[in-house]
Amino acid sequence: GYDAAKSMRVLPNVLNLAAAGGFDLARASDMVTDASSALQLTEEETTAMIDQMAAAASKSNTSIEQLGDAMLTVGGTARNLKGGTAELSTVLGILADNGMKGSEGGTHLRNMINSLTKPTGDAKEMLDEMGVSLYDDTGAIRSLNDVFLDLKKSMAGMSDQARGETIATIFNARDMKAAEALLGGVGDRFNSLMQSMAESAGSAEEMRKKQENTLKGQVTIMNSAIEGLKINIGRGITPTLKEMAEFGADAFLFRSIVSSAR
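Residues numbered from 1 in each chain as written. Predicted model: local features only at pLDDT ≥ 70, side-chain atom pairs only at ≥ 80, totals over all residues. Heavy atoms only, no water.

Some remarks on the pattern of salt bridges
For the coordinates displayed, the defined rule picks out 11 salt bridges. Measuring nitrogen to oxygen at the nearest pair gives 3.7 Å for the salt bridge that ties K209 to E205. Taken together, the positions of K209 and E205, both in helix α12 (residues 203–212) and four residues apart, correspond to about one turn of that helix. One salt-bridge network, in which partners are shared between bridges, spans E205, R208, K209 and E212. (Salt bridge = Lys/Arg side-chain N within 4 Å of Asp/Glu carboxyl O. Helix = DSSP H or I, 4+ residues; strand = E, 2+ residues; numbered from the N terminus.)

In structure tokens:
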């Protein structure tokens, strides 16, 4: 969906992402453009997202490709997170640390955001009693770190049964594990990952260079060079082969005409 000029500007970052993540350019292109569209990112924000994905992959138990799958799954639901793509990468990193990677992590995050955005029935009543809200007094969205810290404080002193029932009521049973993961990851872990996001500029390029310095990376570069050589050789001999083919065709036609005349 990018025009030629924008494609040329974004391409170096997409190449870095592909090399850093160890997958092909087509996959990286789809990942970046789809995520950028779903989250309504500017060109500058897209570049920042790529570096944040590389930083999150190096600081948490996930890969760039898994983060990309998670982002595509959560989609536009995460568009208005207070911390933008930095907060998105951070939360997905925490979920990945707890075994929820790729589309699974994205699904859980999408469900939890939806549960907090428009709570209904018992969930709304419970959140109101606890004084926990996704929005501040002005209606602006709050950081998930702050929301889950409030929730964690409100449940302090509860029995295991009461805590489990509270989480299941607010988020539903299938997202309990993810909610518990965020409750355990807010505070120090969240702040540490967010700091990594703030310092992530150039992370994708740095990771690409590290990947290229491995044996696999050098073999890939060598194969690419060989492929390029083949292409150049092919281009060089194509005119000659074309002339030979034309000569052969003319000779065959001449012999056919002579044979017919006889």
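Quick look at the nonpolar core
L95 and F148 are the most contacted members of the largest nonpolar core, which has 60 residues in total. Per element, the largest residue contribution to this core is seven residues, and it comes from helix α3 (residues 43–59). Setting aside residues up to four positions removed in sequence, F148 forms contacts with M112, L116, F171, A179, L182, L183 and V186. (Core = buried A, V, L, I, M, F, W, Y, C linked by side-chain atoms within 4.5 Å. Buried < 20%, exposed > 50% of the residue type's maximum accessible area, 1.4 Å probe, protein only. Contact = heavy atoms within 4.5 Å.)

Regarding the side chain of T62
Here T62 lies in the loop between α3 and α4 (64–74). Residue T62 is classed as buried on the basis of its relative accessible area, which comes to 12%. At a separation of 3.1 Å, a polar atom in the side chain of T62 contacts the side chain of Q66. Among residues more than four places away in sequence, those in contact with T62 are A56, A57, L67 and A96. (Polar contact = N/O pair within 3.5 Å; in protein donor to acceptor, adjacent residues only side chain to side chain.)

What about the packing of aromatic side chains?
With the rule as written, the count across this model stands at one aromatic pair. Taken together, a centroid distance of 5.6 Å and an interplanar angle of 10 degrees make the contact between F148 and F171 stacked. Taken as a pair, F148 in helix α8 (residues 144–154) and F171 in helix α9 (residues 160–171) lie far apart in primary sequence, 23 residues in all. Overall, F148 belongs to the buried group, its relative accessible area being 2%. (Phe/Tyr/Trp six-rings, centres within 6.5 Å; stacked < 30°, edge-to-face > 60°.)

Remarks on the packing of α3 against helix α11 (residues 188–198)
With their axes 9 Å apart at the nearest point, α3 and α11 run at an angle of 135 degrees to one another. Relative to α11, the element α3 lies oblique. You can see that α3 and α11 cross each other, and the crossing is right-handed. From α3, Q52, A55, A56 and K59 reach across to α11, where they touch R189, L193, S196 and M197. (Axes fitted to C-alpha atoms, helices over the stretch in contact; angles between N-to-C directions. Parallel < 35°, antiparallel > 145°, perpendicular 65-115°, else oblique. Left-handed = near helix turned anticlockwise from the far one by under 90°.)

Re unusual backbone geometry
Unlike most non-glycine residues, Q40 shows phi in positive territory, near 55 degrees. Relative to the helices and strands, Q40 is located in the loop between α2 (25–39) and α3. The exposure class of Q40 is exposed, given its relative accessible area of 54%. Phi is positive for N172, close to 80 degrees, though the residue is something other than glycine. Mapped onto the secondary structure, N172 falls in the loop between α9 and α10 (176–185).

Structural notes on a nonpolar patch on the surface
Nonpolar side chains collect at one region of the surface, where M8, L11, L15 and L25 lie side by side and expose about 350 Å² of accessible area between them. The class for L25 is partly exposed, based on a relative accessible area of 36%. (Patch = residues over 30% accessible without salt bridge, like charges linked within 9 Å, V, L, I, M, F, W, Y side chains within 5 Å. Areas by Shrake-Rupley, 256 points an atom, 1.4 Å probe, with all protein chains shown as cover.)

Notes on α10
Note that an α-helix has 3.6 residues per turn; residues three or four places apart therefore point the same way. Residues of α10 that are buried include every one of A178, A179, A181, L182, L183 and G185, and no others. Next to the buried residues of α10 lie α5 (84–97), α6 (102–117), α8, α9 and α11. In the stretch just after α10, G187 is the one whose phi turns positive, near 90 degrees.

Structural notes on the environment of M112
Within the secondary structure layout, M112 lies in helix α6. Take M112: its relative accessible area is 1%, and that puts it in the buried class. Sequence separation of M112 and D175 is 63 residues, and the distance between their C-alpha atoms is 7.2 Å. Contact partners of M112, with chain neighbours within four places excluded, come to L95, F148, F171, D175, A178, A179 and L182.

What to know about the confidence of the model for the chain
Do not read the fine detail of predicted coordinates wherever pLDDT is low. With 81% of its residues at a pLDDT of at least 70, the chain reaches an overall mean of 87. Within the chain, the element-level pLDDT minimum falls on helix α13 (residues 215–261), averaging 55, and the maximum on α5, averaging 98. (pLDDT = per-residue confidence, 0-100.)

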